[in-house]
Amino acid sequence: GIFYHLLIFKKFKMIQEIFFQISILEWIGVSFAIVQVLLSRVNNPTNYLFGICSVSITMYLMFQSKLYAEFALNIYYLIMSIYGWYFWKFGKQQHETPISFSTKKDYTISFLIVLISFILFYFGLTQLTDSDVPILDATISAFAWAGMWLMAKRKIENWIFLNISNAIAIPLMIHKELYLYAILTLILFIVATSGYFKWRKIKRSMKIELFKKFKIN
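Residues numbered from 1 in each chain as written. Predicted model: local features only at pLDDT ≥ 70, side-chain atom pairs only at ≥ 80, totals over all residues. Heavy atoms only, no water.

Colleague: Lay out the overall build of the protein chain with the relevant residues and their values.
Modeller: The helix and strand tally for the protein chain stands at eight helices and zero strands. For the protein chain, the succession of helices and strands along the chain, N to C, is α-α-α-α-α-α-α-α. Counting across all 217 residues of the protein chain, residues that qualify as buried make up 37%. Considering only contacts in the protein chain between residues 6 or more positions apart, those separated by 24 or more positions represent 70%. In the form shown here, the protein chain has an accessible surface area of approximately 14200 Å², with 70% of it arising from carbon and sulfur atoms. (Helix = DSSP H or I, 4+ residues; strand = E, 2+ residues; numbered from the N terminus. Buried < 20%, exposed > 50% of the residue type's maximum accessible area, 1.4 Å probe, protein only. Contact = heavy atoms within 4.5 Å. Areas by Shrake-Rupley, 256 points an atom, 1.4 Å probe, with all protein chains shown as cover.)

In structure tokens form, the structure reads like this:
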């Protein structure tokens, strides 16, 4: 009875202390990221503007936490957010590339991206910065780069590469006391898992539709 309530109280106090440690910037950055996700789900181009704000704050926090490869990764996100907002607002709508499974060539290129990115990031982090987690930081960014390349090609396996990156990033964010970003990364892990199965389902339905058309003809 009393020991159980003491344990609950201690856990509550620990969680309270953690939340008090979270900076206002981290709250704002994660809040903007959540708003961006919600707006993108309803196809609202304003999501990119929230993305630009979120990524800008994230870049500052990653640099402050000595996560320089994550910082570099977010520069790419920033450029793509600016491009995406401009294209969505002023560009002509284009047909999306159909979803497909990765070929042997895609896998080879993906693992080469991981290997080369890891070597470059690891070298840069160890030789040019004061990073205290070069291996983890380089690994997270390497798998994220490969995942983004596969996503651009609409390959189902992009979610696997992105989730390897997310899985490593969660404990790293906790280690760096970026607790809200750890929670955000966990949400992204769940979204990516859902995305993987959703894309497989879409691909399966595409095959069925193609088979029906072939049968009719």
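Colleague: Summarise the pattern of salt bridges; cite the residues concerned and give the values.
Modeller: Enumeration over the complete set of coordinates arrives at three salt bridges. Here Asp130 makes a salt bridge to Lys66, at a shortest N to O gap of 3.6 Å. One end of the pair, Asp130, is in the loop between helix H5 (104–128) and helix H6 (134–152); the other, Lys66, is in the loop between helix H3 (47–64) and helix H4 (68–90), and 64 residues separate them in sequence. Under the relative-accessibility criterion, Asp130 is labelled partly exposed at 43%. When its relative accessible area of 32% is taken as the criterion, Lys66 is described as partly exposed. The residue Lys176 makes a salt bridge to Asp132 at a minimum N-O spacing of 2.7 Å. One end of the pair, Lys176, is in the loop between helix H7 (158–175) and helix H8 (179–216); the other, Asp132, is in the loop between H5 and H6, with 44 residues separating them in the sequence. By relative accessible area, Asp132 is classed as partly exposed at 47%. (Salt bridge = Lys/Arg side-chain N within 4 Å of Asp/Glu carboxyl O.)

Colleague: Could you give an account of the packing of H5 against H6, with specific residues and numbers?
Modeller: Contact geometry for H5 and H6: axes closest at 8 Å, N-to-C directions at 145°. Crossing geometry of H5 relative to H6 is assigned as right-handed. Across the interface between the two elements, Asp106, Ile109, Ser110, Ile113, Val114, Ser117, Phe118, Phe121, Tyr122, Leu125 and Thr126 of H5 pack against Pro134, Ile135, Asp137, Ala138, Thr139, Ser141, Ala142, Phe143, Trp145, Ala146, Trp149 and Leu150 of H6. Across the contact of H5 with H6, the residue classes break down as 16 nonpolar, five polar and two charged. (Axes fitted to C-alpha atoms, helices over the stretch in contact; angles between N-to-C directions. Left-handed = near helix turned anticlockwise from the far one by under 90°. Nonpolar A, V, L, I, M, F, W, Y, C, P; charged D, E, K, R; others polar.)

Colleague: Which residues make up the environment of Leu67, and what values do they have?
Modeller: Its location among the elements puts Leu67 in the loop between H3 and H4. The exposure class of Leu67 is buried, given its relative accessible area of 0%. Considered as a pair, Leu67 and Leu125 are 58 residues apart in the sequence and their alpha carbons are 9.0 Å apart. If we ignore the near neighbours within four places in the chain, the residues touching Leu67 are Met62, Val133, Asp137, Leu172, Met173, Lys176 and Leu178.

Colleague: Explain the nonpolar core residue by residue, including any values.
Modeller: Counting 18 residues, the largest nonpolar core has Met62, Leu67, Met173, Leu178 and Tyr181 as its most contacted members. Residue assignment for this core shows that the elements contributing at least two residues are helix H2 (24–41), H3, H7 and H8. Broken down by element, this core gets its largest block of residues, five residues, from H8. Membership of the second largest hydrophobic core comes to 10 residues, among which are Ile99, Ala144, Ile156 and Trp159. (Core = buried A, V, L, I, M, F, W, Y, C linked by side-chain atoms within 4.5 Å.)

Colleague: How would you explain H5 if you had to name every residue and give the values?
Modeller: Counted at 1.5 Å a residue, the expected span for H5 with its 25 residues is 36 Å, and the 35 Å between its end C-alpha atoms agrees. Regarding H5, the residues found buried are Asp106, Ser110, Ile113, Val114, Ser117, Phe121, Gly124 and Leu125. (Expected span 1.5 Å × (residues − 1).)

Colleague: I'd like to hear about the packing of aromatic side chains, residue by residue, with values.
Modeller: Using the criterion set out here, one finds 10 aromatic pairs in the structure. Between the aromatic rings of Phe118 and Tyr122, the centroid separation amounts to 5.8 Å while the plane-to-plane angle is 10°, which identifies the pairing as stacked. With a gap of four residues between them, Phe118 and Tyr122 both fall in helix H5, about one helical turn apart. The class of Tyr122 is partly exposed, set by a relative accessible area of 33%. Chaining the aromatic ring pairs together yields one cluster made of Phe63, Tyr68 and Phe71. (Phe/Tyr/Trp six-rings, centres within 6.5 Å; stacked < 30°, edge-to-face > 60°.)

Colleague: Before we move on, could you go through the side chain of Ser165 and cite the residues and values that matter?
Modeller: Following the sequence through the fold, Ser165 ends up in helix H7. Look at Ser165 and you get buried, because its relative accessible area is 5%. Of note is the side chain of Ser165, whose polar atom sits 2.8 Å from the backbone oxygen of Ile140. Not counting the four nearest positions on each side in its chain, Ser165 is found in contact with Ile140, Phe143 and Ala144. (Polar contact = N/O pair within 3.5 Å; in protein donor to acceptor, adjacent residues only side chain to side chain.)

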